[in-house]
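# Per-entry structural report
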Amino acid sequence: MTINTPYGSVSSQNFTRAKNIKLLICDVDGVFSDGRIYLGNDGEELKAFHTHDGFGIKALLNIGVEVAIITGRQSTIVEKRMQALGVSRIYQGQQNKMVAYQQMLEQLNLSADEVAYIGDDVVDTPVMRACGLGVAVHNAHPLCKQDANLVTITPGGFGAVRELCDLILQAKDQLEHAQGMSV
């Protein structure tokens with residue numbers, strides 16, 4: 001059995017998984033951004049973020065779903081973007097993402113089935129396999145897609161996070177009442 005969403009059909013099993021989510025964890029590069037890193041002559045790092053993703057994150061936070069990021073890179077721009085969205089759980093420079101994942105489970109007193117993770121590469125797969133709903137963006141590495149419960153229709157950097165947020169909102173019967181802000 002499948003459930004219709006604005007992005008197409010998802011299995012009823014994944015829809016039920018989405019309904020149980022209390023924490024969404026996101027990778028950054030290749031998920032919130034398209035994976036490209038722009039470096040200026042003076043070493044300045046630039047990334048592009050999609051406002052649709054911002055709206056989705058704000059909408060989840062507004063219904064009480066926690067949002068966090070775990071990323072292998074360290075970036076001031078990521079810190080500023082997440083703060084603007086209201087994301088306070090920011091784990092940067094994480095070579096082993098499972099460490100931060102386990103810390104959050106303990107801190108928030110959550111079980112694995114209450115967590116969704118969205119990523120784009122093989123470094124994300126251990127957390128994807130450990131949580132209740134592991135999601136790969138459309139343009140993820142093939143091995144990452146293999147380990148995902150769900151692959152987005154939308155590519156990373158172009159609203160893939162919003163697609164997952166909308167699924168969680170719909171599963172919780174909140175999509176039509178979503179209140180976010182495109183920041």
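So, a few notes on the structure that sits alongside this text. (Residues numbered from 1 in each chain as written. Predicted model: local features only at pLDDT ≥ 70, side-chain atom pairs only at ≥ 80, totals over all residues. Heavy atoms only, no water.)

## Some remarks on the pattern of salt bridges
Applying the stated criterion across every chain yields a total of 11 salt bridges. Of the charged contacts, one joins D29 and K47 as a salt bridge, the two residues approaching to 2.5 Å between their closest N and O atoms. Taken together, the residues D29 in the loop between β3 (23-26) and β4 (38-39) and K47 in the loop between β5 (45-46) and α2 (51-62) connect sequence positions 18 residues apart. A relative accessible area of 13% places D29 in the buried class. (Salt bridge = Lys/Arg side-chain N within 4 Å of Asp/Glu carboxyl O. Helix = DSSP H or I, 4+ residues; strand = E, 2+ residues; numbered from the N terminus. Buried < 20%, exposed > 50% of the residue type's maximum accessible area, 1.4 Å probe, protein only.)

## Side note on the pairing of strand β1 (residues 2-5)
Direction of pairing for β1 relative to strand β2 (residues 8-11): antiparallel, over a ladder of four bridges. In the strand pairing of β2, N4 is matched with S9. Two successive antiparallel strands, β1 and β2, enclose a turn made up of two residues. (Pairing = 2+ DSSP bridges.)

## Considerations on the sheet that holds strand β6 (residues 66-70)
By way of backbone hydrogen bonds, the strands of a sheet pair with one another, either parallel or antiparallel. Taken in spatial order, the six strands make up an open sheet running β7-β6-β3-β8-β9-β10, and their pairing is parallel. Two strands close off the open sheet at either side, each with one partner strand: β7 (89-91) and β10 (150-151). With four bridges connecting them, strand β8 (residues 115-119) and strand β9 (residues 133-136) associate as parallel partners. Its bridge partner being in β9, Y117 is matched across the sheet by G134.

## Details of unusual backbone geometry
Not every positive phi belongs to a glycine, and N109 is a case in point at roughly 55°. Positionally, N109 belongs in the loop between α4 (97-108) and β8. When its relative accessible area of 69% is taken as the criterion, N109 is described as exposed. Even without being glycine, D173 reaches a positive phi, approximately 60°. Counting through the fold element by element, D173 comes out in the segment after α7 (160-171).

## Side note on helix α1 (residues 12-19)
Those residues of α1 lying buried are N14, F15 and A18. Each buried residue of α1 sits inside an arc of 105° when the element is viewed along its axis, so together they form one side. Those residues of α1 that are exposed and angled more than 90 degrees off the buried face are Q13 and K19. Where α1 is buried, its residues contact β1, β2, β9, β10 and α7. (Arc of directions from axis to C-beta. Contact = heavy atoms within 4.5 Å.)

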